[in-house]
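Here is what each chain is made of, one letter per residue.
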Amino acid sequence: MDLLALADFNLVARHGGFGKASREAGRPKATLSRRVSDLEASLNLRLLERGVRTLKLTEEGRALFERSAVLLAQLDETAAAIASGAATPRGRLMVSAPLLFSQVAMGKLAAQFALKHPQVRLQVTTEDRPVDMVEEGYDLVIRVNPDPDENLVGRTFLRDRLVVVASPSLGRTADNSPVPVVVRGGGDGDQASSWELSGAEGQTHMAVQPVLRLSSLFMIRDAVRAGAGAARLPISLVARDLGAGTLVRWGDVRGPEIALWALYPSRRLLSARVSAFLDLLKEAFPQGTPEELASYAD
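Residues numbered from 1 in each chain as written. Predicted model: local features only at pLDDT ≥ 70, side-chain atom pairs only at ≥ 80, totals over all residues. Heavy atoms only, no water.

A. Geometry of the overall build of the protein chain. The secondary structure content of the protein chain amounts to ten helices and 13 strands. Compactness check: the protein chain gives a C-alpha radius of gyration of 24 Å against a globular reference of 19 Å for 298 residues, more than 25% above the reference. In terms of its C-alpha atoms, the protein chain occupies a principal-axis envelope of roughly 80 × 45 × 30 Å. For the protein chain, the proportion of contacts with a sequence separation of at least 24, taken over those separated by at least 6, is 73%. In the protein chain, the 36 positive side-chain charges and the 35 negative ones have mean positions that sit 5 Å from each other. (Helix = DSSP H or I, 4+ residues; strand = E, 2+ residues; numbered from the N terminus. Rg over C-alpha atoms; globule rule 2.2 N^0.38 Å. Contact = heavy atoms within 4.5 Å. Lys, Arg positive; Asp, Glu negative; His and termini not counted. Charge placed at Lys NZ, Arg CZ, Asp CG, Glu CD.)

The structure is reproduced here in structure tokens:
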């Protein structure tokens, strides 16, 4: 198999078209098209469905892309390491991270990484949706309590937990009548009429009445600070308020622990770029506690 033709096919597949691939690589569109056609002819397979305005991978093309992308990346990294004489992090590093973690910490972490590794072009995107690492070209993703994926490996680098907090001006009712609360989401989300808490008094149920639905945890925290109602929030986001007394803690939310994972494609040779970013996460959160994440918040 022609490795150059395979590399051109991966370039086209990754960018979703010959035009975008041509602009990214600075190579003629006709050359890329010819290379891919030659690869299809050598394999006797159609790898791309070419429309007037769209281009899609066939089932065979997707399988080839998914299996060859990692191998080509390893070849590039090995060649770069040999050429440089050392495993110096270099090249592009694509990272996907969830919204809250990005808002709290990623700006400072990215700056530290850029200063420490100037030969790496770090690009971070913020999104809570699951991403396809191979198809979308990510080297590392950060996710909260991810589902198992046999194609990915990773490690937990941070743990958090949900607590119920409120302004000191908002008191819990003695007769257990519904407490005004601020919840995340819109529409019919979070219709629970009570929250289960654990605290010094053991397990308790608190009747609730949503009065605000907001899409951001930062917005919810600000609304709680203003006295609009109680809310369930990560302790890392309210640790400073609890310490200062601007918010009070009513109890812990029963449920699974919040674990942040750094995930990357399963491979024997981990790139120097990914290893360097994992090292940065370990340095930033050596114990993996909510308080360490809270230290990044303004």
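Once the structure has been displayed, the description carries forward.
B. Representation of the sheet that holds strand β3 (residues 91-97). In spatial order, the strands read β4-β3-β5-β13-β6; together these five strands make up an open sheet with mixed pairing. The open sheet terminates on both sides in strands that have one partner only, identified here as β4 (120-126) and β6 (152-160). Averaged over all adjacent pairs, the angle separating strand axes in this sheet is 20°, with direction ignored. Pairing of β6 with strand β13 (residues 258-265), which is carried by eight bridges, proceeds in the antiparallel orientation. In the sheet register, Arg-159 faces β13, and the bridge partner there is Ala-259. Running over the sheet, helix α9 (residues 272-284) touches β3, β4, β5 (140-144), β6 and β13 and is turned about 45° from β3. (Pairing = 2+ DSSP bridges. Axes fitted to C-alpha atoms, helices over the stretch in contact; angles between N-to-C directions.)

C. Fine view of the nonpolar core. Ranked by internal contacts, the top residues of the largest apolar core, which has 43 residues, are Phe-101, Leu-109, Ile-142, Phe-157, Phe-277 and Phe-285. By residue number, the principal contributor to this core is α9, which donates seven residues. Excluding anything up to four places from it in sequence, Phe-157 contacts Phe-101, Ile-142, Leu-260, Trp-261, Ala-262, Leu-281, Phe-285 and Gly-288. Residues Leu-6, Leu-11, Phe-18 and Leu-72 belong to the second largest nonpolar core, which totals 19 residues. (Core = buried A, V, L, I, M, F, W, Y, C linked by side-chain atoms within 4.5 Å. Buried < 20%, exposed > 50% of the residue type's maximum accessible area, 1.4 Å probe, protein only.)

D. Just the confidence of the model for the protein chain, in detail. Summary statistics for the protein chain give a mean pLDDT of 85 and a share of 90% for residues scoring 70 or more. Per-element averaging of pLDDT across the protein chain places helix α4 (residues 59-84) at the bottom with 75 and strand β11 (residues 231-234) at the top with 95. (pLDDT = per-residue confidence, 0-100.)

E. Focus on the packing of aromatic side chains. Inspection of every chain in the model, using the stated rule, returns five aromatic pairs. Taking 6.1 Å as the distance between ring centres and 55° as the angle between the ring planes, the aromatic pair formed by Phe-101 and Phe-285 counts as tilted. Here Phe-101, found in helix α5 (residues 99-116), pairs with Phe-285, found in the loop between α9 and α10 (290-294); they are 184 residues apart in sequence, far enough to count as distant. Pairing Phe-285 with Tyr-296 gives two aromatic rings, centres 5.5 Å apart and planes at 45°, and the pair type is tilted. Within this pair, whereas Phe-285 is found in the loop between α9 and α10, its partner Tyr-296 is found in the segment after α10, the two being separated by eleven residues in sequence. Each member of the pair, Phe-285 as well as Tyr-296, carries the same accessibility label: buried. Taken together, the ring pairs connect Phe-101, Phe-157, Phe-285 and Tyr-296 into an aromatic cluster. (Phe/Tyr/Trp six-rings, centres within 6.5 Å; stacked < 30°, edge-to-face > 60°.)

F. Highlighting the packing of α5 against α9. Close contact between α5 and α9 brings their axes to 11 Å; oriented N to C, the two are set at 120°. The orientation of α5 relative to α9 falls into the category oblique. In this structure, α5 crosses over α9, and the sense of that crossing is right-handed. Counted together, Phe-101, Met-106, Leu-109, Gln-112, Phe-113 and Lys-116 of α5 and Arg-273, Ala-276, Phe-277, Leu-280, Leu-281, Glu-283 and Ala-284 of α9 form the full contact between these two elements. Looking at the contact of α5 with α9, its residues break down into nine nonpolar, one polar and three charged. (Parallel < 35°, antiparallel > 145°, perpendicular 65-115°, else oblique. Left-handed = near helix turned anticlockwise from the far one by under 90°. Nonpolar A, V, L, I, M, F, W, Y, C, P; charged D, E, K, R; others polar.)

G. Main features of the sheet that holds strand β7 (residues 162-166). A sheet is described by the order of its strands in space; here six strands give the open sequence β8-β10-β9-β12-β7-β11, paired in mixed fashion. The sheet is open, and its two borders are formed by β8 (179-184) and β11, each paired with just one other strand. For this sheet, the mean inter-axis angle between neighbouring strands, taken without regard to orientation, is 55°.

H. Highlighting the pattern of salt bridges. As enumerated under the stated definition, the model contains eleven salt bridges in all. Lys-116 is the partner of Glu-283 in a salt bridge, and the nearest nitrogen-oxygen pair spans 3.3 Å. One end of the pair, Glu-283, is in helix α9; the other, Lys-116, is in helix α5, with 167 residues separating them in the sequence. One salt-bridge network, in which partners are shared between bridges, spans Asp-8, Arg-27 and Arg-35. (Salt bridge = Lys/Arg side-chain N within 4 Å of Asp/Glu carboxyl O.)

I. Expanded view of a negative patch on the surface. Among the surface-exposed residues, Glu-66, Asp-132, Asp-147 and Asp-149 lie close enough to one another that they form a single negatively charged patch. With respect to the helices and strands, Glu-66 occurs in helix α4. Owing to a relative accessible area of 37%, Glu-66 belongs among the partly exposed residues under this scheme. (Patch = residues over 30% accessible without salt bridge, like charges linked within 9 Å, V, L, I, M, F, W, Y side chains within 5 Å. Areas by Shrake-Rupley, 256 points an atom, 1.4 Å probe, with all protein chains shown as cover.)

J. Summary view of the packing of helix α7 (residues 217-225) against helix α8 (residues 235-244). Where α7 meets α8, the axes come as close as 11 Å, and the angle between the chain directions of the two elements is 25°. It follows that α7 is roughly parallel to α8 by the angle criterion. Handedness of the α7/α8 crossing: right-handed. Together, Leu-217, Phe-218, Arg-221 and Arg-225 of α7 and Leu-237, Val-238 and Asp-241 of α8 make up the contact between the two elements. Its residues assigned to classes, the contact of α7 with α8 comprises four nonpolar, no polar and three charged.

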